[in-house]
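# Fold and geometry: a report
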Protein chains: 2
Amino acid sequence: MKKITIGEAARQSGVKVPTVRYYESIGLLAAPSRSEGNQRSFEPADINRLAFIRHARELGFEIEAIRTLLTLQDDPHQSCASADAIAKARLVEVEQRIRSLMALKAELETMVEGCGHGRVDQCRVIEVLADHGQCTHPHH
Amino acid sequence: MKKITIGEAARQSGVKVPTVRYYESIGLLAAPSRSEGNQRSFEPADINRLAFIRHARELGFEIEAIRTLLTLQDDPHQSCASADAIAKARLVEVEQRIRSLMALKAELETMVEGCGHGRVDQCRVIEVLADHGQCTHPHH
DNA sequence: CCTACATCCTCTAGCGGCTAGAGGTGCAAG
DNA sequence: CTTGCACCTCTAGCCGCTAGAGGATGTAGG
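The rules we used
- The numbers attached to residues start from 1 for each chain and follow its sequence in the written order.
- Key to labels: chains lettered from A, ligands numbered from 1, both in the order written.
- Since the coordinates come from a predicted model, pLDDT governs what is reported: local features require at least 70, and pairs of side-chain atoms require 80 or more to be given and counted, while whole-chain, interface and lining totals use all residues.
- In computing side-chain values, all of the structure's heavy atoms are included and hydrogens and water are not.
- Secondary structure is summarised from DSSP: a helix means a run of H or I of at least four residues, a strand means a run of E of at least two, and numbering begins at the N terminus for each.
- For the exposure calls, accessible area comes from a 1.4 Å probe over protein chains only, and a residue counts as buried if that area is under 20% of its type's maximum, exposed if over 50%, partly exposed in between.
- Any two residues whose heavy atoms approach within 4.5 Å at even a single point are treated as in contact.
- Values of accessible area rely on a 1.4 Å probe in the Shrake-Rupley scheme; residue burial ignores everything except the protein chains shown.
- In this tally, Lys and Arg are treated as positive and Asp and Glu as negative; His is ignored, and so are the chain termini.
- For the purpose of locating charges, the reference atoms are NZ of Lys, CZ of Arg, CG of Asp and CD of Glu.
- Using a 1.4 Å probe, buried area is obtained as the accessible area two parts lose upon being combined, added over both of them.
- Each reported salt bridge corresponds to a side-chain nitrogen of Lys or Arg within 4 Å of a carboxyl oxygen of Asp or Glu.
- Here a polar contact is taken to be a pair of N or O atoms separated by no more than 3.5 Å, where protein atoms must pair a possible hydrogen donor with a possible acceptor and residues adjacent in sequence count only if both atoms sit in side chains.
- Throughout, the ten residues Ala, Val, Leu, Ile, Met, Phe, Trp, Tyr, Cys and Pro are labelled nonpolar, Asp, Glu, Lys and Arg are labelled charged, and all others, Gly among them, are labelled polar.
- Throughout, a disulfide means two cysteine sulfur atoms within 2.5 Å of one another.
- Between the rings of Phe, Tyr and Trp (Trp by its six-membered ring), a pair exists once the centres lie within 6.5 Å; its type follows the angle of the planes, with under 30 degrees stacked, over 60 edge-to-face, and the other angles tilted.
- Summary of the distance rule: residues count as near a molecule or strand when at least one heavy atom falls within 4 Å of that molecule or strand.
- Least squares is the method for superposing the copies, and the C-alpha atoms it fits come from residues with pLDDT of at least 70 in both.

## Brief notes about the overall build of chain A
- A count of helical and extended segments in chain A gives six helices and two strands.
- Its helices and strands in sequence order give chain A the pattern α-α-β-β-α-α-α-α, from N to C terminus.
- Taking the principal axes of the C-alpha coordinates as reference, chain A spans close to 70 × 40 × 20 Å.
- Each of the 140 residues in chain A was classed as buried or not, and the buried ones make up 41%.
- A sequence separation of at least 24 residues applies to 45% of the contacts in chain A between residues at least 6 apart.
- Surface summary for chain A: the accessible area is close to 7,500 Å², and the carbon and sulfur share equals 51%.
- Treating the 18 positive side-chain charges of chain A as one cloud and the 19 negative ones as another, the clouds have centres 6 Å apart.

Given below as structure tokens:
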């Protein structure tokens, strides 16, 4: 078969070379076979797996969650209830994070708008940071 | 004067005890005076400073940004342009992060809705993760 | 065949921002 | 005086990589 080097695998999957080795080291990716000169030789399936991992990481899933998702993918006859639960939990997290960031945004806007571009002792940025009680939006 | 222990300082500022020591170790907080038995003795001003740091951390500012904000606060005659710039940069980051999370949320919702709660081989969660091309929302 | 150069290998250490634990001391109440 | 909590220092660990040292391998051109 054609040998896929780690560089090729990295390029095709969008995962960086050291990160590929890191995923192997933590057991997220099976150790591939080696060439005579001890260089890794990946299969096309490995590239799919790497792309899966990358996509999941981009979606914010933690490594342990991805590990579970991958074992699910490896056994397609299982119920997908776990996958569903993981995705739902992540969705809740994301929604929470968005709410929190919106409050933050409002807070920062107030700070920036209030800054009269003068000296620090009239600066609303510093003032608001110094006194949480001045926060106009209930957050954090 | 009344001695404020590290535990008191932590309680009043909302920063955890080991974190207070950590902030001291990285020079974010001046080393306080010590009691005869070598225990830290804080001043009220230290509590304000800790609360400032905590608030800034909650707002997502990095330690180095906070360090700059603190030096600004220490010298109120300076122009607050730096503070303003830091806050504005943070605002841009937050806005970007919100946009990205909204796309993410949409993606996760599609995944979860598409899950027929059957077996993995029909599961949209796994499927979408495996094939980035199925993403309906342009994100990451 | 030889050389140059990119790519690969392993290994260790570092990033940010804490957090946990070991092993010991200080201090206030009963 | 003893109990027991809060404090002290120090080191190591968390996550998810990333950087760098120091060396081996693979490939293209001469």
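## Concerning the interface of chain B and chain A
- At the interface, 51 residues of chain B touch 51 residues of chain A.
- In total, about 4,600 Å² of surface goes out of reach between chain B and chain A, with carbon and sulfur atoms giving 77% of it.
- The tally of links between chain B and chain A comes to zero salt bridges.
- At the boundary of chain B with chain A, the tally comes to three residue pairs in polar contact (both at pLDDT 80 or more).
- Among the elements that make up the side of chain B that touches chain A, the one with the highest residue count is helix H5 (residues 81-114) of chain B (19 residues).
- Taken together, the residues that form the side of chain B that touches chain A break down as 29 nonpolar, ten polar and twelve charged.

## Considering the state of the cysteines
- On inspection of all chains with the given rule, the structure shows zero disulfides over all chains.
- A disulfide-free cysteine, cysteine 123 of chain A has its sulfur positioned 3.6 Å from the sulfur of cysteine 80 of chain B, the nearest such atom.

## Section: the packing of aromatic side chains
Residue and element names in this part refer to chain B.
- Scanning the model with the defined rule gives two aromatic pairs over all chains in all.
- Between tyrosine 22 and tyrosine 23 the ring centres are 5.9 Å apart and the planes differ by 45 degrees, which places this aromatic pair in the tilted class.
- Residue tyrosine 22 is classed as partly exposed on the basis of its relative accessible area, which comes to 43%.
- Since its relative accessible area comes to 8%, tyrosine 23 is described here as buried.

## Let's talk about the protein's contact with DNA strand D
- Residues in close proximity to DNA strand D total 18 residues, the closest being Tyr23 and Arg57 of chain A together with Gly7, Arg21 and Arg40 of chain B.
- At the protein interface, 90% of the atoms of DNA strand D within 4 Å belong to sugar or phosphate.
- Here a phosphate oxygen of DNA strand D and a side-chain polar atom of tyrosine 23 of chain A are 2.8 Å apart.
- Measuring from a phosphate oxygen of DNA strand D, one finds a side-chain N or O atom of arginine 57 of chain A at 2.9 Å.
- Among the secondary structure elements, those contributing two or more residues to the surface near DNA strand D are helix H2 (17-25) of chain A together with helix H1 (6-13) of chain B.
- Sort the elements by how many residues they give to the surface near DNA strand D and H2 of chain A lands first, with three residues.
- Its residues placed into classes, the surface near DNA strand D shows four nonpolar, eight polar and six charged.

## Some thoughts on the relation of the copies chain B and chain A
- Of the two same-sequence chains, chain B is brought onto chain A (RMSD 0.1 Å, axial shift 0.0 Å) by a rotation of 180 degrees. Within this description, the copies of the chain are treated as partners about a two-fold rotation axis. Residue isoleucine 98 of chain B, judged by its C-alpha, is the member of chain B lying nearest the rotation axis, at 3.1 Å.
- Here 100% of the interface residues in chain B have copies in chain A that are interface residues too; the copies meet face to matching face.

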